[in-house]
Amino acid sequence: MEKYCEWIKYDYRTIYPREHDENNPYWRIQADTDKLKYCPYCGKKIVIIE
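Residues numbered from 1 in each chain as written. Predicted model: local features only at pLDDT ≥ 70, side-chain atom pairs only at ≥ 80, totals over all residues. Heavy atoms only, no water.

Engineer: Tell me what's going on with the environment of I48, and back it up with residues and numbers.
Structural biologist: In this fold, I48 is placed in strand β4 (residues 45–49). Look at I48 and you get partly exposed, because its relative accessible area is 37%. Through-space distance from the C-alpha of I48 to that of P17 is 8.8 Å; in sequence the pair is 31 residues apart. The residues touching I48, leaving out its near neighbours within four places in the chain, are W7, K9, I15 and A31. (Helix = DSSP H or I, 4+ residues; strand = E, 2+ residues; numbered from the N terminus. Buried < 20%, exposed > 50% of the residue type's maximum accessible area, 1.4 Å probe, protein only. Contact = heavy atoms within 4.5 Å.)

Next up, the structure:
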């Protein structure tokens, strides 16, 4: 079982979760945020991949 939730850079300033609804713009958040450490969808720790 994975311990992390992979988020992908959508563009230069936003990221979105790979495993969840990636077409929903609600999921796109600021890439430089330090406030969101865990995925609000699944609760796993967020890891940003390029």
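Engineer: Run through the sheet that holds strand β3 (residues 29–30), naming residues and quoting values.
Structural biologist: Within the open sheet, the four strands sit side by side as β3-β2-β1-β4. Their pairing is mixed. Only two strands of the sheet have a single partner each, and these edge strands are β3 and β4. Pairing of strand β1 (residues 4–9) with strand β2 (residues 14–17), which is carried by three bridges, proceeds in the antiparallel orientation. Each bridged residue has a counterpart across the sheet, and for W7 the counterpart in β2 is P17. (Pairing = 2+ DSSP bridges.)

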